[in-house]
Amino acid sequence: MVFHRSVSLLSKLRSRSVQQPGLLNTVRWLQASSEVDIRSQLKELIPEQQERIKKLKSEHGKVQLGSITVDMVLGGMRGMTGLLWETSLLDPEEGIRFRGLSIPECQKLLPAAKPRGQPLPEGLLWLLLTGKVPTKEQVDALSEELRRRATVPDHVYKTIDALPVNAHPMTQFTTGVMALQVQSEFQKAYEKGIHKSQYWEPTFEDSLNLIARVPVVAAYIYRRMYKNGEVIPMDVSLDYGGNFAHMLGYDSPAMLELMRLYVTIHSDHEGGNVSAHTAHLVGSALSDPYLSFAAALNGLAGPLHGLANQEVFLWIKSMIQEWGENMTEEDLEAFVYKTLESGKVIPGFGHGVLRKTDPRYMCQREFALKYLPGDPLFRLVSLLYEIVPPILLELGKVKNPWPNVDAHSGVLLSYYGLTEARYFTVLFGVSRSIGICSQLIWDRALGLPLERPKSVTMEWLENHCKKAA
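Residues numbered from 1 in each chain as written. Predicted model: local features only at pLDDT ≥ 70, side-chain atom pairs only at ≥ 80, totals over all residues. Heavy atoms only, no water.

## Focus: the environment of Asn309
Logical step 1: Here Asn309 lies in helix H16 (residues 308-323).
Logical step 2: Taking C-alpha positions, Asn309 is 9.7 Å from Tyr423, a pair spaced 114 residues apart along the chain.
Logical step 3: Leaving out residues up to four positions away in the same chain, Asn309 has contacts with Tyr262, Asp406, Ser409, Phe424, Thr425 and Phe428.
Logical step 4: A polar atom in the side chain of Asn309 sits 3.2 Å from the side chain of Thr425. (Helix = DSSP H or I, 4+ residues; strand = E, 2+ residues; numbered from the N terminus. Contact = heavy atoms within 4.5 Å. Polar contact = N/O pair within 3.5 Å; in protein donor to acceptor, adjacent residues only side chain to side chain.)

## Topic: the packing of aromatic side chains
We describe a pair of aromatic rings using the distance from one ring centre to the other and the angle between the two ring planes.
Logical step 1: Here the structure, examined in full by the defined rule, presents 14 aromatic pairs.
Logical step 2: Aromatic pair Tyr226 and Tyr423: ring centres 6.5 Å apart, planes at 90°, arrangement edge-to-face. Taken together, the residues Tyr226 in helix H11 (residues 200-226) and Tyr423 in the loop between helix H20 (406-415) and helix H21 (424-445) connect sequence positions 197 residues apart.
Logical step 3: With relative accessibility at 0%, the residue Tyr423 sits in the buried group.
Logical step 4: Feature note: the residues Tyr222, Tyr226, Tyr250 and Tyr423 constitute an aromatic cluster, connected by ring pairs.
Logical step 5: In this structure, Arg444 is placed above the aromatic ring of Phe186, and the distance from its NZ or CZ to the ring centre is 4.5 Å. (Phe/Tyr/Trp six-rings, centres within 6.5 Å; stacked < 30°, edge-to-face > 60°. Buried < 20%, exposed > 50% of the residue type's maximum accessible area, 1.4 Å probe, protein only. Lys NZ or Arg CZ within 6 Å of the ring centre and 35° of its normal.)

## Some details on the UniProt feature "active site" (unreviewed entry) in the protein chain
Logical step 1: Sequence positions flagged by UniProt for "active site" (unreviewed entry) are, in local numbering, His305, His351 and Asp406. Taking the farthest pair of C-alpha atoms as the criterion, the annotated set spanning 102 residues converges on one region, since that pair is 10.4 Å apart.
Logical step 2: Positionally, His351 belongs in the loop between helix H17 (329-341) and helix H18 (359-371).
Logical step 3: You can call His351 partly exposed: its relative accessible area is 24%.
Logical step 4: Aside from chain neighbours lying at most four places away, what touches His351 is Leu90, His269, Arg360, Asn400 and Asn404.
Logical step 5: Checked against the element boundaries, Asp406 lands in helix H20. (UniProt positions renumbered as here; feature names shortened; annotations may be inferred.)

## Quick notes on unusual backbone geometry
Logical step 1: Here Arg116, not a glycine, exhibits a phi torsion of approximately 60°, which is positive.
Logical step 2: The residue Arg116 is located in the loop between helix H5 (103-109) and helix H6 (121-130) in this model.
Logical step 3: Even without being glycine, Glu270 reaches a positive phi, approximately 50°.
Logical step 4: Counting through the fold element by element, Glu270 comes out in the loop between helix H13 (253-265) and helix H14 (274-283).

## A short note on helix H9 (residues 169-180)
For the α-helix, the turn length of 3.6 residues means that residues three or four positions removed from each other point alike.
Logical step 1: Look at H9: 17 Å from first C-alpha to last across twelve residues, which is about the 16 Å you get at 1.5 Å a residue.
Logical step 2: Taking burial as the measure, the twelve residues of H9 include nine buried ones, the bulk of the element.
Logical step 3: Every buried residue belonging to H9 is among Pro169, Met170, Gln172, Phe173, Thr174, Gly176, Val177, Ala179 and Leu180, and all of these are buried.
Logical step 4: Those residues of H9 hidden inside the fold are in contact with helix H8 (154-161), H11, helix H15 (289-300) and H21. (Expected span 1.5 Å × (residues − 1).)

## Examining the side chain of Gln310
Logical step 1: Structurally, Gln310 is set in helix H16.
Logical step 2: Given the relative accessible area of 8%, Gln310 is considered buried.
Logical step 3: The residues contacting Gln310, other than those within four sequence positions of it, are His168, Ala421, Arg422 and Phe424.

## Thoughts on a negative patch on the surface
Logical step 1: On the surface, Glu329, Glu330, Glu333 and Glu386 cluster together to form a negatively charged patch.
Logical step 2: Per-element accounting of the negative patch gives the leading share, three residues, to H17.
Logical step 3: According to the relative accessible area criterion, Glu330 is exposed, its value standing at 56%. (Patch = residues over 30% accessible without salt bridge, like charges linked within 9 Å, V, L, I, M, F, W, Y side chains within 5 Å. Areas by Shrake-Rupley, 256 points an atom, 1.4 Å probe, with all protein chains shown as cover. Salt bridge = Lys/Arg side-chain N within 4 Å of Asp/Glu carboxyl O. Lys, Arg positive; Asp, Glu negative; His and termini not counted. Charge placed at Lys NZ, Arg CZ, Asp CG, Glu CD.)

## As for the pairing of strand S1 (residues 88-91)
Logical step 1: The alternating pattern of S1 places Ser88 and Leu90 on a buried face and Leu89 and Asp91 on a face that is not buried.
Logical step 2: Pairing of S1 with strand S2 (residues 95-98) involves four bridges; the strand directions are antiparallel. Among the inter-strand pairings, Leu89 is bridged to a residue of S2, identified as Arg97. (Pairing = 2+ DSSP bridges.)

## With respect to the side chain of Ser409
Logical step 1: Looking at the element boundaries, Ser409 is found in helix H20.
Logical step 2: Classification of Ser409 as buried rests on a relative accessible area of 1%.
Logical step 3: Setting aside residues no more than four positions away along its own chain, Ser409 makes contact with Tyr262, Asn309 and Gln364.

## Considering the pattern of salt bridges
Logical step 1: Taken as a whole and assessed by the stated rule, the structure comprises 17 salt bridges.
Logical step 2: A salt bridge links Glu201 to Arg39; the shortest N-O distance between them is 2.8 Å. Here Glu201, found in helix H11, pairs with Arg39, found in helix H3 (residues 38-60); they are 162 residues apart in sequence, far enough to count as distant.
Logical step 3: Its relative accessible area of 22% is what places Arg39 among the partly exposed residues.

## Concerning the sheet that holds S1
Logical step 1: Taking strand neighbours across the sheet as the criterion, the three strands line up as S1-S2-S3 in an open arrangement whose pairing is antiparallel. Here the strands that pair on one side only, and so sit at the sheet edges, are S1 and strand S3 (101-102).
Logical step 2: When S2 meets S3, the two strands line up antiparallel, connected through two bridges. From the neighbouring strand, Arg97 faces S3, where its bridge partner is Ser102.

## Here we look at the pairing of S2
Logical step 1: Between the antiparallel neighbours S1 and S2 lie three residues.
Logical step 2: In textbook terms, the turn of a hairpin is the stretch between consecutive antiparallel strands, and for S2 and S3 this stretch comprises two residues, one of which, Arg99, has a positive phi near 50°.

## A look at the confidence of the model for the protein chain
Logical step 1: The pLDDT averaged across the protein chain works out to 90; a share of 92% of its residues lies at or above 70.
Logical step 2: Note that pLDDT drops below 50 for residues 1-34; the model gives that stretch 18 contacts with residues more than four away or on any other chain. (pLDDT = per-residue confidence, 0-100.)

Structure follows, in structure tokens:
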């Protein structure tokens, strides 16, 4: 209805603008807004998707999706199909697909900052929210909207400053997100008594505000910790990924491209990973996006999830410290065996779902081959790619011996000067805001319920197995 009224108004204004040239700018603005505004796109899409989920429930609600085993119950619910996540789907063989598109397809189809460049994260945000590949005009409009929303209140900086400067960057980041929460539009609307059919609208406002502001908060933490508190303001001419690199203090064209790639490929990885699932779980209680995302960051900070990128880089650095940069294949093999024999894992290798090399690793490798083929650390990463999988297969350590996304990112970042490994997970967190917030909007639009799986005791399992036998 709003769309049709806008079209009607546009038609009238066009006819009048011939006699009144002063109206021409208004016409152009309205025309652009009706074509590029992402909120309007969602208003059109949501009713159709609401009917779709109702039909699924009514016609197919009793269809069996598989059997749950004791292994699944004891193994962290791994492999259990029990969560709706619209924005991405992870295939064990081919990797992640964002709204049906693989990473190479996203690199080809999504608008870039320069010809044949890396996709702009704003383009992926549009894709995750709407399921449609955006035009460059739509992406530029979304970039501008995010810049307008990126103002961080002073109390957020003061809250972060209350922490010791050497507190872990993820602790400071989560604290900053919680400080942003006092401006939650969803909380205000809920307290006033908003109808549940409209929950998605203040969630949308909070989500875009959050996505816009987390790079500013993250960059502040980096400059506070590592650059004597010398903060760099946003550049209004830059896109989301480029601006993040700029505010961190890295302005080389290649680093801007790397940050666009990094944010895009780390944005979403379906709903079962710790950070995504945590956000969905907390959000299902109608906690606002800030509370939900802060909870996700606390999960991301775990060594078995987002902290792995830090662990990979530190492991490689410890290898160099012990053996030097010019290690032979034999030296590398010895170090890998030594790590395994000490009871540790090889960080960056293996994945809970994937059974082949992570496509996110491969696109980073392609970036390295293009921009830093002679880098000594990249040489070591390439050798590890050849050496580690056969060793893990031989020892039967993992189902997937291939490298994942964390095996490569630290080396790329350090090449351009960002060498502070403790900070790497914050970059991951900024990226993950795009996927988590996109899905949270749809959680509210589709009216997904409070998440409440059934738990059992070991005694219950033992008795069940006896009866089954």
